[in-house]
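Okay, here's what each chain looks like letter by letter:
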There are 2 protein chains.
Amino acid sequence: MSIYDFVQDKLSPQPAMSISAVERETGLGKDTLRVWERRYGFPKPERDGRGERWYPAEQVDRLRLLKRLIDCGHRPGKLLAASEEELDRLSDGRRPETPAGIDEGDDVAEQVIRQIRNHDLPGLRQILRQSLMRLGIERFVIEVAAPLNQAVGEAWTNGELKVFEEHLYTEEMKGLLRQAIASLPAAVNRPRVLLTTVPDEPHLLGLLMVEALLTLDGVPCVPLGAETPLVDIRMAALAHHADAVALSFSLAFPGRRIAALIRCLRDLLPPQVELWIGGAGSRWASKVDNVHVLPSLPLALLAVREWRERHAAQD
Amino acid sequence: MSIYDFVQDKLSPQPAMSISAVERETGLGKDTLRVWERRYGFPKPERDGRGERWYPAEQVDRLRLLKRLIDCGHRPGKLLAASEEELDRLSDGRRPETPAGIDEGDDVAEQVIRQIRNHDLPGLRQILRQSLMRLGIERFVIEVAAPLNQAVGEAWTNGELKVFEEHLYTEEMKGLLRQAIASLPAAVNRPRVLLTTVPDEPHLLGLLMVEALLTLDGVPCVPLGAETPLVDIRMAALAHHADAVALSFSLAFPGRRIAALIRCLRDLLPPQVELWIGGAGSRWASKVDNVHVLPSLPLALLAVREWRERHAAQD
DNA sequence: ATCTGGTAATTGTCCAGGACAACTTGGGGT
DNA sequence: ACCCCAAGTTGTCCTGGACAATTACCAGAT
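The shown structure was predicted, so the numbers you read here are calculated from the model rather than taken from an experiment.

So, on to the protein's contact with DNA strand D. Arg39(A), Gly77(A), Ser20(B), Arg34(B) and Arg53(B) are the nearest of the 23 residues found near DNA strand D. Restricting attention to atoms of DNA strand D within 4 Å of the protein, one finds that 70% of them are sugar or phosphate atoms. A distance of 2.6 Å separates a base oxygen of DNA strand D from a polar side-chain atom of Arg39(A). Arg38(B) is positioned with one of its side-chain polar atoms (N or O) 3.1 Å from a base nitrogen of DNA strand D. The element best represented in the surface near DNA strand D is helix α2 (residues 30–40) of chain A, accounting for 6 residues. Of the residues in the surface near DNA strand D, the class split is 6 nonpolar, 4 polar and 13 charged.

This is the structure:
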């Protein structure tokens, strides 16, 4: 790895990155990058004196786009053939373009995105806090946080928000949700729910929203943070006598892996421990048996209610 | 990747992992694992029917240990020869061994680790909260959180704590610190400090501790969360008119990369923006010019004071 | 003794190109 | 409609060679 691996090579007119940097930047493995080059002729990086690949920034941008489309379900073979049609498919959900005057924004999401763009952290903080106070936790989570999340995610993939802007929003929202959760009384009624994500899934926001709703409903939550190895999820569920394990999959998580992962975890957990899957990636989970798929937040509350009815009847 | 990649092979008596899993688990790259096998004869994984490597759990444990020692400055070539002397070197900072009766534990750290081991989340929560209330934020962060962090980290690398137990602690401490930060009034006096970590460094706890101390000192903080790309750190620093950028490196981050990364970021940032480096990995940063290395938490406060004196004199 | 410069060993990452299992697609046949 | 099998796709693994960057070592000069 060169000293300047993390940044564009300043001497060449076009910025370029090493294969490691591209892997980190796009999430595509080194092997995948090489095999794409061999098979499809793209990407076609420059080579330096010793034959090592240097990817121009424009190819890296395209790789990022391809990765996103693949994560959305498109096949690599198709995507790596076309050139301009891709931009078409991309632009599907994208072109609203906020035509100059965005001042009808009584919508909180719109206000928030404007504050993010203005880099006004105190303003952002104030709007979110106000909204939380006015609506209460449940309505805030369902009516504001969830759609806002989606809007920010879309704006990010469309390039309308920079990475650091998205980071700032995420951090702020996480803080706010944690604060809201901490303000609630300790819950004691079953079911006891363990919340986490699988390895390679660092996105925690969705899980925090669920935790807020569950805690509000008197459900004791055991938050394990992100990226817990499956065997540890099993051990944690046993150690904490969990009645259910809730996982969240973001849109960015490679959909193809989800079903296998869940099946695997389902086998690891005792049968009486339920498995709840939420988040944008949950649609890939519907093929698995004995798993509760909860694509939207209110369904988590429903799952709790069902569990309680079932177990009230039994005892 | 096999379906059961994420979990031990249930048929073999000893649990085992694929090379991807070992990479994720130990932080050693696939190439490194293969070249060690070729050169030093360790690790020596089993092979399945199609010649793919399956690493027994004990070898993975040893790899984890080796990784930690290498990160501490030992050379791979030496480590991969000895067998029992390693345990000696390891045991240096380890052997207290809590001899059966641990009931003198008026030390919070000891109590906390006991609660983690007992999987008593309410108890853990209560102890931490009580301690925070009694000591106040500043003393809590410096006298409890920091040493506790180190103790938990060591217990984890020594195998005394499971991954999920460490996750639970980390999550709880993050929540508590965020709550403490949120309880403080909004700060407005410069310097304005931007806090984040570089890509591949997901550990946020140290940064949260700094944020708590800084906010307490009236420093407005811009928390970007973890793993912000270097170019985005630059953009964020410009957009938010930051006076300093604070980075944190955990012990787990590959030390060799640190100096190059920091030099690179130093070049990207405007000269008047200071660069503060903290955390266990900060000792690798001391070679770089124009960078403030802050190996312990109180030094962050000192850096603020110095900045203010310098700029009070100027204006 | 301490510094200095240059040679030698160490070490992580890269490359090529072959192989293959898991998955998807796309027809027939019932 | 449904199911099932063949053909195509696709990511990941393998081997073994190469090399630049870093570190250790040692002799000679100060």
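Continuing now.
This next bit is on the confidence of the model for chain A. Residue and element names in this part refer to chain A. Per-chain confidence: chain A averages 83 in pLDDT, with 86% of residues scoring 70 or above. By mean pLDDT, helix α5 (residues 85–91) is the weakest element of chain A at 57, and strand β4 (residues 193–196) is the strongest at 97. Between residues 1–13, whose pLDDT stays under 50, and residues either more than four places distant or in other chains, the model counts 21 contacts. Throughout residues 93–106 the model reports pLDDT below 50, and contacts reaching past four residues in sequence, or to other chains, amount to 10 contacts.

Further remarks concern the relation of the copies chain B and chain A. Aligned on chain A, chain B shows an RMSD of 0.7 Å; the corresponding rotation is 179° and the shift along the axis is 0.1 Å. Such a turn and shift between the copies fits a two-fold axis. Among all residues of chain B, the minimum C-alpha distance to the rotation axis is found for Gln179(B), at 2.7 Å.

The geometry of an aromatic ring pair is captured by the separation of the ring centres together with the interplanar angle, meaning the angle of the planes. Here the structure, examined in full by the defined rule, presents 0 aromatic pairs over all chains. The ring of Phe42(A) carries the charged tip of Arg62(A) above its face, separated from the ring centre by 4.9 Å.

Residues and elements named next belong to chain A. One pass over the structure, following the stated rule, counts 29 salt bridges over all chains. Between glutamate 37 and arginine 47 there is a salt bridge, and its shortest N-O distance comes to 3.2 Å. On the criterion of sequence distance, the pair formed by glutamate 37 in helix α2 and arginine 47 in strand β2 (residues 46–47) is long-range, its members being 10 residues apart. The exposure class of glutamate 37 is buried, given its relative accessible area of 12%. Here arginine 47 falls in the partly exposed class, since its relative accessible area comes to 43%.

With that settled, the discussion passes to the sheet that holds strand β8 (residues 292–294) of chain A. Residue and element names in this part refer to chain A. Pairing within the open sheet is parallel, and its 5 strands lie in the order β5-β4-β6-β7-β8. Each end of this open sheet is capped by a strand with a single partner; those strands are β5 (221–223) and β8. On average, adjacent strands in this sheet sit at an angle of 25° to one another, irrespective of strand direction. Each of β4, β5 and β6 (244–248) is contacted by helix α10 (residues 205–216), which is oriented at about 160° to β4, the strand it contacts most.

Rules and cut-offs
Residues numbered from 1 in each chain as written. Chains lettered and ligands numbered in written order. Predicted model: local features only at pLDDT ≥ 70, side-chain atom pairs only at ≥ 80, totals over all residues. Heavy atoms only, no water. Near = heavy atom within 4 Å. Polar contact = N/O pair within 3.5 Å; in protein donor to acceptor, adjacent residues only side chain to side chain. Helix = DSSP H or I, 4+ residues; strand = E, 2+ residues; numbered from the N terminus. Nonpolar A, V, L, I, M, F, W, Y, C, P; charged D, E, K, R; others polar. pLDDT = per-residue confidence, 0-100. Contact = heavy atoms within 4.5 Å. Least-squares fit on C-alpha atoms with pLDDT ≥ 70 in both. Phe/Tyr/Trp six-rings, centres within 6.5 Å; stacked < 30°, edge-to-face > 60°. Lys NZ or Arg CZ within 6 Å of the ring centre and 35° of its normal. Salt bridge = Lys/Arg side-chain N within 4 Å of Asp/Glu carboxyl O. Buried < 20%, exposed > 50% of the residue type's maximum accessible area, 1.4 Å probe, protein only. Pairing = 2+ DSSP bridges. Axes fitted to C-alpha atoms, helices over the stretch in contact; angles between N-to-C directions.

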